Amino acid sequence: MKITQSPSTSTTGEHHYRLPVIFHVLYEDPDNRKQYVDEGRLAQIINACNLRYKNKMYQNASHNISQDMNLEFVMATEKPDGTTLEEAGVERIKWETTLPMSCEQFMDGEDKSQAKKYAKMLWNPKVYINIFVYPFSEKNILGIAHLPYYLSSYPLEGLNKGDYFLSHEVEYPHCVSINSNYIYVNSNNEYYYTTDVYNTLAHELGHYLGLHHAFSEDGDNTDLCEDTDYCTDTPTYNITKYTEWINGIDNPDKYSFDELCTRTNCEGSTFISHNIMDYAFCYSDQFTFQQRKRIRHVLSYSPLIPGVKKYTSTDTRSLSCDEQPPIQFRY
């Protein structure tokens, strides 16, 4: 079955997006399960992400208070040349250099010749979401993703203008990267893991579709309390102070999960964290209305995101640009 980019239309008149995903699994040792990744595991992870984006994590309707994004991530079935993939959504690449490697250097595009080499591994980002899976040398980073771009005719606060990509190919690996050291880690009814790969990929795909962190940040500075994610319906907080409290706990088992998930917002009130764009101890099961609105805008107008767009060539004819925009990524 070939996955097309023409979305169906729901009863509300809104497009339902089916976004083809290709995992590029980089491995040095085919016998290393954390590099080569077991067949079927990546499909399992995508299925878990879809539950979060469709608000289907719970059977009990009283818990379903997240937003249904009206999209699904679908494992690609064909290569760009039209041939069938042996394993849907997965391309395995024998890596020529030593693993693990730095995810930051892979993503930042600062070494132009290296960035162009990595970009050649991309399947057209206007057709596929590219996810690279490899062990990171930064052991404390679970995943990393590039933010999308907006067109100057359809701006979105918090992103960079990407008119350049209407007439130019991307020259760096515009993608999501996932640390394969944690590829088999996921929480269950008995244990919660902050390194849960289901939550990690859902979080990074949120960045890839235009979302910022739910907590306060200004560049590398997180020791502040300001609304910095452009969504007023996500309670923000000082994550530096929260992290200091978590790191100061001798035995987290003495606390209930709700207690570990509790934050103090910028107005001084407490709340239990559920947002997928948060970190650490968190239910990671909710998106808000304004987060949904941002994602829908990106799906409709971003030039490097798969799916049918609401603009036409007539709308964008005067938007060609030869100035490459800066590269933004988030963990």
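It should be noted that the structure appears before, not after, this text.
All figures in this text were calculated on a predicted structure; none of them were measured in a lab.

Description of the nonpolar core
Consideration 1: Core analysis: the biggest nonpolar cluster contains 43 residues, and Leu42, Tyr53, Leu71, Phe73, Ile131 and Leu201 have the highest contact counts within it.
Consideration 2: With residues near it in sequence (within four places) discarded, Tyr53 still touches Gln67, Asp68, Met69, Asn70, Leu71, Phe73, Ala202, Leu205, Gly206, Leu209, Phe287 and Ile295.
Consideration 3: In this structure, Ile93, Cys103, Val170 and Leu304 belong to the second largest nonpolar core, which totals 24 residues.

Some remarks on the state of the cysteines
Consideration 1: Under the counting rule described, the total for this entry stands at 1 disulfide.
Consideration 2: Each sulfur of the disulfide joining Cys225 and Cys266 lies 2.1 Å from the other. One quick way to see it: the torsion about the S-S bond of Cys225 and Cys266 is about -100°, and its sign makes the bridge left-handed. Linking Cys225 in the loop between helix H5 (197-208) and helix H6 (239-247) with Cys266 in the loop between strand E10 (262-264) and strand E11 (270-272), this pair joins segments that are 41 residues apart in sequence.
Consideration 3: The class for Cys225 is partly exposed, based on a relative accessible area of 36%.
Consideration 4: In this structure Cys49 is not part of a disulfide, and its nearest cysteine sulfur, from Cys282, lies 14 Å away.
Consideration 5: Looking at Cys175, it has no disulfide partner, and the nearest cysteine sulfur is the one in Cys103, 10 Å off.

Some remarks on unusual backbone geometry
Negative phi is the rule for most residues except glycine; trans is the rule for most peptide bonds.
Consideration 1: Between Leu99 and the following residue, Pro100, the backbone shows a cis peptide bond with an omega angle of 5°.
Consideration 2: The residue Pro100 is located in the loop between strand E4 (90-94) and helix H3 (103-108) in this model.
Consideration 3: In this structure, Ala280 takes a positive phi of about 60° despite not being glycine.
Consideration 4: For Ala280, the position within the fold is in the loop between E11 and helix H8 (289-301).

Side note on helix H2 (residues 41-53)
Consideration 1: Over its 13 residues, H2 runs 19 Å from end to end, which matches the ideal 18 Å to within 8%, given 1.5 Å per residue.
Consideration 2: Among the residues of H2, Arg41, Leu42, Ile45, Ile46, Ala48, Cys49, Asn50, Arg52 and Tyr53 are the ones counted as buried.
Consideration 3: Summarising the contacts, the buried residues of H2 are in contact with strand E2 (15-27), strand E3 (71-75), E4, strand E5 (129-134), H5 and H8.
Consideration 4: Just beyond H2, the residue with positive phi is Asn55, at close to 60°.

Focus: the packing of aromatic side chains
Consideration 1: One pass over the full model with this rule turns up 24 aromatic pairs.
Consideration 2: With a centroid separation of 5.2 Å and 55° between ring planes, the pair formed by Phe106 and Tyr134 is classed as tilted. Note that Phe106 is positioned in helix H3 and Tyr134 in strand E5, a separation of 28 residues in sequence.
Consideration 3: Where Tyr191 meets Tyr193, the ring centres are 6.3 Å apart and the plane angle is 35°; that geometry is what we call tilted.
Consideration 4: On the accessibility criterion, Tyr191 (45% relative accessible area) is partly exposed.
Consideration 5: Judged by relative accessible area, which is 35%, Tyr193 ranks as partly exposed.
Consideration 6: Ring pairing ties together the aromatic residues Phe215, Tyr237, Tyr242, Trp245, Tyr255, Phe271 and Tyr279, which thus form one cluster.
Consideration 7: Sitting over the ring of Tyr36, Arg92 keeps its end group 4.3 Å from the ring centre.
Consideration 8: Here Arg263 stacks its cationic end above the ring of Tyr242, 4.0 Å away from the centre of that ring.

A look at the side chain of Ser302
Consideration 1: Inspection of the secondary structure assignment puts Ser302 in the loop between H8 and helix H9 (313-316).
Consideration 2: Within the structure, Ser302 has its side chain in polar contact with the backbone oxygen of Tyr149 (distance 2.7 Å).
Consideration 3: In this structure, Ser302 is in contact with Pro148, Tyr149, His297, Lys309 and Tyr311, ignoring residues within four places of it in sequence.

Some points on the pattern of salt bridges
Consideration 1: Applying the stated criterion across every chain, the model contains 8 salt bridges.
Consideration 2: Put simply, Arg18 and Glu72 hold a salt bridge, and the shortest N to O gap is 3.5 Å. Of this pair, Arg18 sits in strand E2 while Glu72 sits in strand E3; the two residues are 54 residues apart in sequence, bridging distant segments of the chain.
Consideration 3: Taking relative accessible area as the criterion, Arg18 reaches 30% and is therefore assigned partly exposed.
Consideration 4: Judged by relative accessible area, which is 19%, Glu72 ranks as buried.
Consideration 5: Each of Glu14, Arg292 and Arg296 takes part in one network of salt bridges that share partners.

Quick look at the pairing of strand E9 (residues 176-179)
Consideration 1: Here E9 shows two buried faces, one formed by Val176 and Ile178 and the other by Ser177 and Asn179.
Consideration 2: Pairing analysis gives 4 bridges linking E5 to E9, with the strands arranged parallel. Residue pairing for E9: Phe132 is matched across the bridge by Ser177.
Consideration 3: With 3 bridges connecting them, strand E6 (residues 143-146) and E9 associate as antiparallel partners. Looking across to E9, one finds that Ile144 is bridged to Ser177.

Criteria and cut-off values
- Residues numbered from 1 in each chain as written.
- Predicted model: local features only at pLDDT ≥ 70, side-chain atom pairs only at ≥ 80, totals over all residues.
- Heavy atoms only, no water.
- Core = buried A, V, L, I, M, F, W, Y, C linked by side-chain atoms within 4.5 Å.
- Buried < 20%, exposed > 50% of the residue type's maximum accessible area, 1.4 Å probe, protein only.
- Contact = heavy atoms within 4.5 Å.
- Disulfide = S-S within 2.5 Å.
- Helix = DSSP H or I, 4+ residues; strand = E, 2+ residues; numbered from the N terminus.
- Expected span 1.5 Å × (residues − 1).
- Phe/Tyr/Trp six-rings, centres within 6.5 Å; stacked < 30°, edge-to-face > 60°.
- Lys NZ or Arg CZ within 6 Å of the ring centre and 35° of its normal.
- Polar contact = N/O pair within 3.5 Å; in protein donor to acceptor, adjacent residues only side chain to side chain.
- Salt bridge = Lys/Arg side-chain N within 4 Å of Asp/Glu carboxyl O.
- Pairing = 2+ DSSP bridges.

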